[in-house]
Amino acid sequence: ALIALYTPSELSVMVTEPGFVGMQMLLMAESLGLGTCLIGYIAGSDVSIANSLPEVKQAMNIPENHVISLAFVAGYSDLDYLRSVWRKPDDINWG
């Protein structure tokens, strides 16, 4: 699924508020076992694909006077991972 968060273009919270909401949505999706991936080129700036091409916003049913601030995809993976990637053990001294 493609999830796009959008706000009216005249609001000054165009980036920050949807970012907070989007990160909570990403965390919740991950906790439910969904994989997620932020799609940076579709949103976030005047040169992004959805904010510069009206036909993309129209296909996504986003009003003309709104901008997409954040977009991501979420879904279940077709693959089962037996283990995570290897990471060097941390050397932390809590003392």
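This text goes with the structure placed above it.
None of the values given here were measured: they were computed from a predicted structure. (Residues numbered from 1 in each chain as written. Predicted model: local features only at pLDDT ≥ 70, side-chain atom pairs only at ≥ 80, totals over all residues. Heavy atoms only, no water.)

A.B. asks: I keep staring at the overall build of the protein chain and nothing clicks. Help me out?
C.D. replies: Helix and strand counts for the protein chain stand at three helices and three strands. Mapped from its N terminus to its C terminus, the protein chain presents α and β elements in the order β-α-β-α-α-β. In terms of C-alpha radius of gyration, the protein chain reaches 17 Å, well past the compact-globule figure of 12 Å for 95 residues. On the principal axes, the C-alpha backbone points of the protein chain span a range of 50 × 40 × 25 Å. The buried share of the protein chain, reckoned over its 95 residues, is 24%. Taking contacts inside the protein chain between residues at least 6 apart in sequence as the whole, the part at least 24 apart equals 67%. Working note: accessible area of the protein chain is about 7,400 Å², and carbon and sulfur atoms make up 60% of it. Here the protein chain holds 4 positive side-chain charges and 10 negative ones, and the gap between their average locations is 14 Å. (Helix = DSSP H or I, 4+ residues; strand = E, 2+ residues; numbered from the N terminus. Rg over C-alpha atoms; globule rule 2.2 N^0.38 Å. Buried < 20%, exposed > 50% of the residue type's maximum accessible area, 1.4 Å probe, protein only. Contact = heavy atoms within 4.5 Å. Areas by Shrake-Rupley, 256 points an atom, 1.4 Å probe, with all protein chains shown as cover. Lys, Arg positive; Asp, Glu negative; His and termini not counted. Charge placed at Lys NZ, Arg CZ, Asp CG, Glu CD.)

A.B. asks: Sorry if this is basic, but what is going on with unusual backbone geometry here?
C.D. replies: The phi torsion of most residues other than glycine is negative, and most of the peptide bonds are trans. Look at Asn-61: it is not a glycine, yet its phi comes out positive at around 60°. In this structure, Asn-61 sits in the loop between helix H3 (54-59) and strand E3 (66-75).

A.B. asks: Any chance you could explain a nonpolar patch on the surface here in plain terms?
C.D. replies: On the surface, a nonpolar cluster with roughly 280 Å² of combined accessible area is contributed by Tyr-41, Ile-49 and Leu-53. Considering the arrangement of structural elements, one finds Leu-53 in the loop between helix H2 (49-52) and H3. Looking at Leu-53, the relative accessible area reads 33%, which means it is partly exposed. (Patch = residues over 30% accessible without salt bridge, like charges linked within 9 Å, V, L, I, M, F, W, Y side chains within 5 Å. Salt bridge = Lys/Arg side-chain N within 4 Å of Asp/Glu carboxyl O.)

A.B. asks: When you look at the sheet that holds strand E2 (residues 35-38) in this model, what are you seeing that I'm missing?
C.D. replies: Strand pairing in a sheet is mediated by backbone hydrogen bonds. Such pairs are either parallel or antiparallel. With antiparallel pairing, the three strands of this open sheet are ordered in space as E1-E3-E2. In the strand order of this sheet, the two ends are held by strand E1 (2-8) and E2, each with one partner. On average, adjacent strands in this sheet sit at an angle of 25° to one another, irrespective of strand direction. By the bridge criterion, seven bridges tie E1 to E3 in an arrangement that is antiparallel. Residue Leu-2 lies in a different strand from E3, and its bridge partner there is Val-73. (Pairing = 2+ DSSP bridges. Axes fitted to C-alpha atoms, helices over the stretch in contact; angles between N-to-C directions.)

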